[in-house]
Amino acid sequence: MRRHRLFSLGLASLLLALGTAQAQAPLPSTFILDNGLQVVVQHDPRAPVVTAQLVVRVGSSHEPPGQSGLSHALEHLLFRGSEKTEPGEFSRIVERLGGRDNAYTTPDYTVYHLTLPSERLEVALELGADLLSGARLADEEFVREIEAVLAERRESIDDFPTERLHELWLAQAFPASGYRTPVIGWPQDIERLSPNALRNWYRSWYAPNNASLVVVGDVQGEQVKKLAERHFGRLPARQLPTSMPPLELQNPGARTVHIEDLHSTPYLLMGFNVPSRATAQAPQDVAALRLTAALLASGRSARLPLRLEREQPLLQQIDVRYAAIARGDALFSLSAHINASQPAPLATLEHALRAQLQQLKDTPPTVAEVERARNRLLADEVFARDALEGQAGDLAEYLGSALPLAWRADAETELHAVTAQQVQHVAQTYFTRERLTTAYLTTPEPPHE
Amino acid sequence: MNRCFPLLAFALLTLISGASASALTSLQAAPPLSPLPPLPIQAWQTAQGARVLFMPSRHLPMFDLQVTFAAGSGRNTSAFGLAGLTLSMLDEGTRSHAAEQIAEAFDASAARFDKTLDRERATLTLRSLSRQAPREAAVAQFVELLGEPTFPPDRLALVQDQFFNRLQALATSDKYRASEQLYHHLYAGHPFAAPLHGTVEHLAGLDVADLSDFYQRHFSASNALIVLVGDLSDAQARQIAERVSNALPQGPAQSAMALPTRQDAEIYQLDGLGNQAHLLFGLPAVAADDPDLPALTVANLILGGNVSSRLIEQVRNRHGLSYDPYSELTSHSTSGLWTLQANVEARYQQATMELIHNLLETFANEGPTEQEFDDARQYLRGTLLLNAVSNEDIARHLRDIGFNHLPLDQRGHLLEAVQKLTLDQLKVVLKKHLVLDRLVQVGVGPTVAQEPLPSPGGE
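The shown structure was predicted, so the numbers you read here are calculated from the model rather than taken from an experiment.

Draft legend 1. Here's a closer look at the interface of chain A and chain B. Taken together, the contact pairs 64 residues of chain A with 65 residues of chain B. Secondary structure elements with two or more residues in the side of chain A that touches chain B: helix H3 (89-96), strand S5 (110-117), helix H4 (121-133), helix H5 (139-158), helix H11 (303-311) and helix H13 (367-383) of chain A. Among the elements that take part in the side of chain A that touches chain B, H5 of chain A stands out by supplying nine residues, more than any other. Grouping the constituent residues of the side of chain A that touches chain B by class yields 21 nonpolar, 15 polar and 28 charged.

Draft legend 2. Inspection of the nonpolar core at higher detail. Core analysis: the largest hydrophobic core is formed by 255 residues, its most contacted members being Leu198, Val214, Leu291 and Val423 of chain A together with Ile226 and Leu228 of chain B. The element best represented in this core is helix H10 (residues 283-297) of chain A, accounting for ten residues.

Draft legend 3. Highlighting the domain arrangement of chain A. Residues and elements named next belong to chain A. Taken as a whole, chain A is organised into domain 1 (13-232) and domain 2 (255-442). Each of domain 1 and domain 2 has a C-alpha centre, and these two points are 27 Å apart. At the interface, 45 residues of domain 1 touch 49 residues of domain 2. Going through the elements one at a time, helix H1 (13-17), strand S2 (38-43), strand S3 (49-56), S5, helix H6 (161-173) and strand S6 (211-217) are the ones with two or more residues in the side of domain 1 that touches domain 2.

Draft legend 4. Focus on the packing of helix H5 (residues 132-147) of chain B against helix H10 (residues 234-247) of chain B. Residue and element names in this part refer to chain B. Interhelical geometry of H5 versus H10 gives an angle of 25 degrees and a closest axis separation of 8 Å. In terms of orientation, H5 lies roughly parallel with respect to H10. The two elements H5 and H10 meet at a crossing, and its hand is right-handed. For the pair H5 and H10, contact is made by Val139, Val143, Leu146 and Gly147 and by Ile240, Arg243, Val244 and Ala247, respectively. For the contact of H5 with H10, a count of residues per class yields six nonpolar, one polar and one charged.

Draft legend 5. Representation of the UniProt feature "domain: Peptidase M16 C-terminal" (unreviewed entry) in chain B in the model. Summarizing the sequence annotation, UniProt attributes the feature "domain: Peptidase M16 C-terminal" (unreviewed entry) to residues 206-379 of chain B in the numbering used throughout. Secondary structure within residues 206-379 of chain B divides into 43% helix and 22% strand; the distance between the first and last C-alpha atoms comes to 48 Å.

Draft legend 6. Region of interest: the domain arrangement of chain B. Residues and elements named next belong to chain B. Parsing chain B into structural domains produces domain 1 (42-247) and domain 2 (264-445). A separation of 29 Å is found between the C-alpha centroids of domain 1 and domain 2. Taken together, the 27 residues of domain 1 in the interface contact 24 residues of domain 2. Going through the elements one at a time, strand S2 (51-56), strand S3 (62-69), helix H7 (174-186) and strand S6 (224-230) are the ones with two or more residues in the side of domain 1 that touches domain 2. In terms of residue count, H7 provides more of the side of domain 1 that touches domain 2 than any other element does, nine residues in total. Broken down by class, the residue content of the side of domain 1 that touches domain 2 amounts to ten nonpolar, nine polar and eight charged.

About the thresholds
Residues numbered from 1 in each chain as written. Chains lettered and ligands numbered in written order. Predicted model: local features only at pLDDT ≥ 70, side-chain atom pairs only at ≥ 80, totals over all residues. Contact = placed C-beta atoms within 7 Å. Helix = DSSP H or I, 4+ residues; strand = E, 2+ residues; numbered from the N terminus. Nonpolar A, V, L, I, M, F, W, Y, C, P; charged D, E, K, R; others polar. Core = buried A, V, L, I, M, F, W, Y, C linked by C-beta atoms within 7 Å. Buried ≥ 20, exposed ≤ 12 C-beta atoms within 10 Å, placed from the backbone. Domains from an automatic or database assignment. Axes fitted to C-alpha atoms, helices over the stretch in contact; angles between N-to-C directions. Parallel < 35°, antiparallel > 145°, perpendicular 65-115°, else oblique. Left-handed = near helix turned anticlockwise from the far one by under 90°. UniProt positions renumbered as here; feature names shortened; annotations may be inferred.

Dropping the structure here:
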């Protein structure tokens, strides 16, 4: 498929913005078919358009060592022939309707999405059911498509030192769990994938009881229910492999990784092992971590852009992320490039970032600062509903991580309750050396004369 | 390699038999699609001469405000980077507030403020909640920086540094370098040849008087297009447009952009880093209001604009050379260009360029098949529908039709033109514009030994 985007942990800015509830959003209607397929429908009447997304709960964190990239390669192959479509025909059908289709793989799940005129919703559901049960996975198509996967890896990871560093950093940051595995797969593993391995993976995980269907747009729940039963109802439920949510060590220890590149602007990436909404003992910690991320870097008046980019021009492109919705543990990450016009050593940047985190531990933020960060997070939830795919992607996150949709509404309530003291508390609890993985991208030292 | 042919023949067979042969039951008895509903766009002009386009969309409690000026990089003919630097300095200080206070005002009202520059246009964007308190605060701050920027000298060095950093990063971007080379050639002697983000030498030589002067001449009300989309009443929209318009300097509208002169074919090879090569092919095309644009839009979809295009079929599916090759039409107000790009392993650069050249030659000579032609026309209808759901997409559409003085029902006009179009007419337009002895080819990549095309699954 064209323009598949990979979402590895923390890589997509969407993940932060989409992570939570929207009390103002109308509640979606939900139902479960007899075979276990969960269907979620969100009404949005702005235009006669609908997006349908099939979420299958398998991703890179499920993959065994040596077979990284299985879920992502399978995602590619599903468009190359099925019971009802010839290779390439899927896209031609969608295009004749003026629709667009795409797919992406995350560590926890895989999403296939189709947006088209709402009058043709049934086509989307028929194609979706065919993806879930009718894939051909023919040898000759595998041989061809694996080249596109390798090209994707070269073009999106290998050619970019910061992307390569990000992959190595994840491998360090998750010492005990499958979250260490890159979504696209390590190159030597992609080379070793086989059509048989993909077929087995498909048979193991692609079942109605391991999938959800999200529909957002100008449609009603009853209509979707009738069509979902017609096309998905006949698929049998299957026994699924055992899978444990990826959990990390309480004290993994300080870790570092370092690469050099002659032409890159030096870059620093720091990540603390933290719980997600699924694994947190106290949900309030999750809301406080979200607020901390916003307070540090959301908006030009946030602490890090203001203090380290403007008042003291040390860095550029500061980015702070915390993706709270996952089936396992999470990372709280900070990254930045040095200011190339006034280059300071990367160690100076690292020291400045640590000092900012230390300040959060020492002194609670002001009430005004907390309010501003909270308002921005709440507004982001509204802005994220602008695109139909954004709304569906938000629901897909919860469904793909097998979390209750009721938690979306709770997340907003929890965000409202966060205090300045709780921000200080999570900083003290989680921003410790033992939880930290630091990655450095530097230029090589010139040889000594 | 030979095994590709039976497959290709099979693909053509399914193309010819069309959608009716599909195994999908949902397509077999589907009634025809409804006509495209027109968008409820309102247009007016303010007393000061700013043009306004407004489309209400009241489902979500938010709105978008965009103000666009004919103040892109093509307007800074003597100082490369002046347009961008002026735009970037607008929120660095006003008569009433310092930069930090401006940033804090936007953040406190949870609004998103952004600035974008292209060769022709400078655009300021505000996205805000529509509730009265945040709306009022965000609009007030936005209007203030548009109307009374002071370009404080102590902020200039900081913003200049940001530009230098960006230029340094772009110097390693194969894609940016290829695009700049293409504009430099196709627009030789024309303002669009100016580098989009300026040069270090020119930027370093600018002072606040230059910025202030550029602002006075280009950011006037008669030079402004105001776009509003979202949860606003007619009265609220009119009031916001008035406030923006009143705040802007007075001055004459900018003259129309000149036409580029005709250039010869050329091949450029630029040194690049890493193991990949970026390939960019470009031809002059047409302006946004050109009568040939509907036909070229259809032709572009078939060539490389959609997923089942010839470019994807050949470069990605058949040879596995590139993940995401594509072609696109770019239309400015008085000219345009047709580009095609692919990222490949450096060792296949030469072979891929030949492959794409042959593909272009065949397409120019033979044109599309009936099936491709029909599919692309169907696709276009749905695309217009899908691209008018979100505020963001609608605002982009309004900006394009407003800036280029296109009819308010541009979608309806385009669709009608495309429905009337015959395949023979399209072939005539294609021959007129897809002229290979004007083709500019740019390759950016390392120098490595060249290899013949791989054919995965073949032989």
